[in-house]
Amino acid sequence: FDTGSLAGKRVVITAGPTREALDPVRYISNHSSGKMGYALAEAAREAGATTVLISGPTHLPSPERVTLLPVVSAEEMYAASLQALPDCDVFIATAAVADYRPDQAAAQKIKKGERDTLVIELVKNPDIVAAMAAHTPKPFTVGFAAETERVIDYARDKLERKQLDLVVANDVSRSDIGFNSDENAVTLVWPQREENLSRRSKHQLARDLVERIARQLA
Ligand code: PMT
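Each value, and the rule that gives it
Within each chain, residues carry numbers counting from 1 in the order of the written sequence. Local features in a predicted model are, by the rule used here, given only for residues with pLDDT of at least 70; side-chain atom pairs are given and counted only at 80 or more, and totals for whole chains, interfaces and linings are based on all residues. Where helices and strands are cited, they refer to DSSP runs of H or I of at least four residues and of E of at least two residues respectively, numbered from the N terminus. To estimate the expected span of a helix, count its residues, drop one, and scale the result by 1.5 Å. Remark: C-beta atoms are placed from the backbone, and a residue is labelled buried if 20 or more other C-beta atoms sit within 10 Å of its own, exposed if 12 or fewer do, or partly exposed between those counts. Once C-beta atoms have been placed from the backbone, residue pairs whose C-beta atoms lie within 7 Å are recorded as contacts. Only the C-beta atom, placed from the backbone, is used; a residue is near a molecule or strand if that atom lies within 6 Å of it. The residue classification treats Ala, Val, Leu, Ile, Met, Phe, Trp, Tyr, Cys and Pro as nonpolar and Asp, Glu, Lys and Arg as charged. All others, Gly included, are polar. For our purposes the nonpolar core covers buried Ala, Val, Leu, Ile, Met, Phe, Trp, Tyr and Cys residues that link as a set through C-beta atoms within 7 Å. When DSSP finds two or more bridges between a pair of strands, those strands are recorded as paired. Lines fitted to C-alpha atoms define the axes, with helix axes restricted to the stretch in contact, and inter-axis angles between N-to-C directions lie between 0 and 180 degrees. UniProt positions are given in the numbering used here, feature names are shortened, and annotations may be inferred rather than shown by experiment. Handedness of a crossover: with both strands directed away from the viewer, a clockwise path from the first strand across the helix to the second marks it as right-handed. Geometric relationships in this document are graded by angle, where less than 35 degrees denotes roughly parallel, more than 145 denotes roughly antiparallel, 65 to 115 denotes roughly perpendicular, and other angles denote oblique. Each helix crossing is assigned a hand: it is left-handed if the near helix lies turned anticlockwise from the far helix by less than a right angle, otherwise right-handed if that turn is clockwise.

In the annotation of an unreviewed UniProt entry, the protein chain is listed under the name Coenzyme A biosynthesis bifunctional protein CoaBC and assigned to Exilibacterium tricleocarpae.

Rendered as structure tokens:
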């Protein structure tokens, strides 16, 4: 691991979950802890990069010498990503972004009432990583894919559909890796090939990923 391999580069990373408000006290979210994204921010900084970490709500301490931009919702994460885009060399999307949000967050707490069912209409959130990949000049854009089946097929589909340079695919049907665990095992899906990175700590995986990205930029 060459500690200067990203010197002079600007790396922007999204991490953690997003929260989509239903009303002032409730939200839709997921189990992302932010560990993978925070580990990547540390690895990018260790490699010499100027590092920006756009993070949804997590319980993690903010990494040293990394610019942390805290956000809550997918729309906020999108706005922060657009702002961080100028001069961005590498954009890495580890965040588990909610694909949909409630059409309208209720201004007051939703009351239980007499109803046995409650229908909430959801609308699609902006696709952050696809928007970054569509930008000119295009940063080297890395997506993650959390899948429970046909992991490689779906990851390759994301690579092509979102015009990404690399997709890091994890099988989240396993409870020992992926969401919230300290370890992860992934398959790197490149345009022309695939590479397995067997189970290891998210910190080690982050260093291994940064090394490969740096090699690709060189
Ligand atoms: O946070 P941890 O507990 O450490 O867990 C890590 C992780 C499992 C969350 C992480 O490794 C991971 O797989 N992140 C992506 C999870 C995900 O939501 O994948 P997806 O298949 O829904 O999205 C694909 C890619 O598009 C991702 O890079 C995602 O950040 C991005 N995306 C998705 C939707 C959206 N509206 N905007 C996006 O940028």
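The end-to-end C-alpha distance of helix H5 (residues 202-217) is 22 Å, a good match for the 22 Å that 16 residues give at a rise of 1.5 Å each. Within the sequence span of H5, burial applies to Lys 202, Leu 205, Ala 206, Arg 207, Leu 209, Val 210, Ile 213 and Ala 214. Turning to H5, the residues buried within the fold contact helix H1 (35-46), strand S6 (90-93), strand S9 (140-147), strand S10 (166-171), strand S11 (183-189) and strand S12 (194-201).

Take the site of the ligand next. Inspection of the region around the ligand gives 28 residues, with Ser 33, Lys 35, Ala 93, Ile 128 and Val 129 positioned closest. Only H1, helix H3 (128-133) and S9 provide two or more residues apiece to the shell around the ligand. The element contributing the most residues to the shell around the ligand is S9, with 4 residues. In terms of residue class, the shell around the ligand is built from 13 nonpolar, 11 polar and 4 charged.

Okay, the nonpolar core next. Core analysis: the biggest nonpolar cluster contains 54 residues, and Ile 13, Leu 40, Ala 44, Val 167 and Val 210 have the highest contact counts within it. When neighbours within four sequence positions are excluded, Ile 13 is seen to be in contact with Gly 37, Leu 40, Ala 41, Ala 44, Thr 51, Leu 53, Ile 92 and Thr 94.

This part is about the sheet that holds S6. Pairing is mixed in the open sheet, where 8 strands are placed in the order S5-S4-S1-S6-S9-S10-S11-S12. Looking at which strands have only one partner, the edges of the open sheet turn out to be strand S5 (67-70) and S12. When strand polarity is set aside, the average angle formed by the axes of neighbouring strands in this sheet is 20 degrees. Relative to S12, S11 runs antiparallel, the two sharing 6 bridges.

Further remarks concern the UniProt feature "binding site: CTP" (unreviewed entry) in the protein chain. In the UniProt entry, the feature "binding site: CTP" (unreviewed entry) is given for Asp 99, Lys 109, Pro 126, Asp 127, Ile 128, Val 129, Phe 144, Lys 158 and Lys 162. For this annotated set, covering 64 residues, the C-alpha atoms extend up to 37.2 Å from each other, a dispersed arrangement in space. Position of Lys 109 among the secondary structure elements: in the loop between strand S7 (100-102) and strand S8 (122-124). On the basis of neighbour counts, which here come to 11 C-beta atoms within 10 Å, the residue Lys 109 falls in the exposed class. Those residues in contact with Lys 109, other than ones at most four positions away along the chain, are Asp 23, Pro 24 and Val 25. Mapped onto the elements, Lys 162 comes out in the loop between helix H4 (151-161) and S10. Judged by the 19 C-beta atoms lying within 10 Å of it, Lys 162 is partly exposed.

With an omega of -5 degrees, the peptide bond running from Thr 136 to Pro 137 counts as cis. Looking at where Pro 137 falls in the secondary structure, it is placed in the loop between H3 and S9. Phi angles above zero are rare outside glycine, and Arg 65 is one such case at about 55 degrees. Structurally, Arg 65 is set in the loop between strand S4 (50-55) and S5.

Two faces make up the sheet, and in a regular strand the side chains alternate between them. Within S9, 6 of the 8 residues are buried, leaving the element largely enclosed by the surrounding structure. Bridge analysis of S9 against S10 gives 6 bridges, and the strand direction is parallel. Each residue of the ladder has a partner; that of Ala 146, found in S10, is Asn 170. Regarding topology, H4 serves as the crossover connection from S9 to the parallel S10, and that connection is right-handed.

Counting through the fold element by element, Val 151 comes out in helix H4. Along the primary structure Val 151 and Asp 103 are separated by 48 residues, whereas in three dimensions their C-alpha atoms are 30 Å apart.

Moving on: the packing of H1 against H5. Contact pair H1 / H5: the axes reach a minimum separation of 8 Å and the direction vectors enclose 50 degrees. In terms of orientation, H1 and H5 fall into the oblique class. Like other packed secondary-structure pairs, H1 and H5 cross with a definite hand, here right-handed. Touching Lys 35, Met 36, Ala 39, Leu 40, Glu 42, Ala 43 and Ala 44 of H1 are Lys 202, His 203, Ala 206, Arg 207, Leu 209 and Val 210, all from H5. Looking at the contact of H1 with H5 residue by residue, the class counts come to 8 nonpolar, 1 polar and 4 charged.

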